[in-house]
Amino acid sequence: MNAKPGSLRQGWIVFRKELTDWLRDRASMIGLSLQAISSPIIWAAITLIAAHRMMPSDLVLPVAGADRGPALVDWLDAQPDVDVVPAPADPAAAVRAGTLDVVLVIPAEFAEQTADGLSAPVELLVDGSASASQRAADRVRGLVAGYGAGLGSLRLMSRGVAPDLTSPLRLDVKDMSPPERRQGGLNYFVSALLLWMALFGGVAVAADSTLGERERASLEPLLLNPVSRTALIAGKWLAAVSLACFYLVVAGLTTLVVLRSLPWHKYGLQLLSSDRDLLTVTVLMFPVALFWTALVAFVSTIARSQQQAQTYFGLIFMGVVLTAMATLLFQLASVPWLAALPIVGQLTLSVDLLGGEHPAAYRYIATAAGSVLPAVVLIAAAARLLRRESIVFRS
Amino acid sequence: MIEVERLCKQFGSVRAVDGVSFRADDGCVTGLLGPNGAGKTTTLRVLTGLMSPDAGAASVDGRDVATDPFAIQSRIGVLPDSRGLYSRLTPREHIDYFGRLQGVPEATLRTRREELIASLGLMELADRRVAGFSHGERTKVALARALVHDPHNVILAEPTHGLDVASTRAMRALIDGLRAQGRCVLFSSHVMQEVSALCDRIVVIAKGTVVADGTPDSIREKTGCGDLEDAFVALTGLENREARA
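Okay, so let's go over this structure. Treat the numbers as computed from the prediction; the structure is a model and nothing was measured.

On to helix 4 (residues 106-119) of chain B. All names here are of chain B. Look at helix 4: 20 Å from first C-alpha to last across 14 residues, which is about the 20 Å you get at 1.5 Å a residue. Burial in helix 4 covers these residues: Leu109, Arg112, Arg113, Leu116 and Ile117. Down the axis of helix 4, the buried set is contained in an arc of 135°. They therefore lie on one face. For helix 4, the secondary structure elements touched by its buried residues are helix 3 (91-101) and helix 5 (135-147). Downstream of helix 4 by one or two residues, glycine 121 has phi in the positive range, about 65°.

See the structure below:
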């Protein structure tokens, strides 16, 4: 008779078999690796393109009736980053069609009213529904106001009045925010990205733990072996955790490379935390993988079918997303017990750490414990359930 | 040796097994016969420790199944109705996985695995992933992993189901071999020729109870039917059912 191996050894046997099995699943290996590598790259590309578009560029300003206000046109043209060009024959149509963002129209009475010292009209044709047109309009508004203010000052001086008399107040705006808060949300994006990988890297393996075995009709033969249910579920769970952590590390390293190699500073974006902080965040997410795969394994034990399991996951995931959003939106990170909430705790801690803050030590302990303990409870519960006939032969 | 005594098992209002008793001796092939839904599968699941009985007892080699299911599971090898395999693993890996879970030492496992692969004619397929295997090939892999720990008692559900002629003959030879080695073989089947050719003793179950128990000859004699299939139909009340239909 053979010696029954201990639970630990059995768990190791199951773990090894699961890893061998899943590492051969080329499609999901390639799919998840691509996701781990491409997500940070795609996110970085989108962020940089958006930042690039927000950067002030040379304003090409079509002017209709330039000959009616040569002084204004010359002044505009002389401004840095402004390029005055002639407007087309039908400027209104061009703006409406979106071929031009804005057109400055100098009306016939402009020269006369300026000469008479009156408030001379200039028209700006804009498309209120297009953001590019809005941005151009803001700049033209500023330029015209600047020209008008200069002209006004000259008029006052010619009449012997100090221009300062008409501007009794001057508002100086000074940005007091520390540089780490001017990251353009990079800390949020990086945290969410790594959290995503922690959640999804091991789902397929964890979902297979009971439901997959049952649907494949391999659960009954497996349970005919003298194997502790805990060893069985825990072995499968740890295989799922290993894969999730692997993809998480790949995503973390790719993010690091992306953050350090692309010209973020050119666009005023900068993650001020160190490489070490970023790697710390990657490790911080490990307990998320532990918790989430345990939850998936538990749900896969009680669900009757894949569809039913997916419905449960949808509901749970919605709860997680809403809680996380509420936490970030209402700045609830300072509420101590939230640190112990799985996923939410890691997300807020990661956002703060990457935002250049120095979170208190209890938050690290609370986030890890808050995820690992429920994970262990879920796995123990799943193992207990697996002793029930109604679960093993559920259909 | 397998013994089942007044076993009862109920699912909701359905009495799946209602006082089943029988014995399967060492060195004997015992056939468990019965129409669909007669309670065979439930009886086997109780016997293998996967279900607990509501009443009655089952024992293997004198050990009670309910008290120590793990001890029972290392003394029996089961080819259940469910023959699910892991599509990305090879037959060798399947055998190794189950062998290790049963605690077979690595050196013994290697020898045992190669013996099983040879005796089941799996040499050509042994290192191929099982995805795409035929039904018969899958059955052989499932059987190999069920026998890897060299169990004294062997329970086979429909062992020749889906096998071609050559494989069926090989399977019969294997069952004969198990008997010759003095093992206790219990198998369920629908194929009457097979049952009459292989079984030393037949237990017929219908509607959760044993309706006949004896050698093929004694059953034929008891029912007055020359043919075992006719005897089976008479015993299980299938005739009445057919007549009603």
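Here we come to the interface of chain B and chain A. A common way to state how big an interface is: give the accessible area lost once the parts meet. Each side of the interface is counted separately: chain B has 33 residues, and chain A has 32 residues. Taken over both partners, the interface formed by chain B and chain A buries close to 3200 Å², and the fraction arising from carbon and sulfur atoms is 58%. At the junction of chain B and chain A, the tally comes to five salt bridges. The interface formed by chain B and chain A contains 11 residue pairs in polar contact (both at pLDDT 80 or more). Mapped by element, the contributors of at least two residues to the side of chain B that touches chain A are helix 2 (69-73) and helix 3 of chain B. Among the residues making up the side of chain B that touches chain A, the classes are represented as 13 nonpolar, 10 polar and 10 charged.

What follows deals with the pattern of salt bridges. Tallying each qualifying case throughout the model produces 31 salt bridges over all chains. Here the salt bridges do not stand alone but share partners, grouping Lys17, Glu18, Asp21, Asp25, Asp208, Glu213, Arg216 and Lys236 of chain A together with Arg88 of chain B into one network.

Looking now at the sheet that holds strand 5 (residues 63-64) of chain B. Residues and elements named next belong to chain B. Reading across the sheet, the four strands line up as 2-1-4-5 and stay open at both edges, with antiparallel pairing between neighbours. The open sheet has two edge strands, strand 2 (14-24) and strand 5, and neither has a second partner. Of the pairings in the sheet, the one linking strand 4 (residues 55-60) to strand 5 comprises two bridges and is antiparallel in character. Across the sheet, residue serine 59 finds its bridge partner in strand 5, namely aspartate 64. Together, strand 1 (2-11), strand 2 and strand 4 form the strand contacts of helix 1 (residues 40-47), whose direction differs from that of strand 1 by roughly 115°.

Criteria and cut-off values
- Residues numbered from 1 in each chain as written.
- Chains lettered and ligands numbered in written order.
- Predicted model: local features only at pLDDT ≥ 70, side-chain atom pairs only at ≥ 80, totals over all residues.
- Heavy atoms only, no water.
- Helix = DSSP H or I, 4+ residues; strand = E, 2+ residues; numbered from the N terminus.
- Expected span 1.5 Å × (residues − 1).
- Buried < 20%, exposed > 50% of the residue type's maximum accessible area, 1.4 Å probe, protein only.
- Arc of directions from axis to C-beta.
- Contact = heavy atoms within 4.5 Å.
- Buried area = accessible area lost by both parts, 1.4 Å probe.
- Salt bridge = Lys/Arg side-chain N within 4 Å of Asp/Glu carboxyl O.
- Polar contact = N/O pair within 3.5 Å; in protein donor to acceptor, adjacent residues only side chain to side chain.
- Nonpolar A, V, L, I, M, F, W, Y, C, P; charged D, E, K, R; others polar.
- Pairing = 2+ DSSP bridges.
- Axes fitted to C-alpha atoms, helices over the stretch in contact; angles between N-to-C directions.

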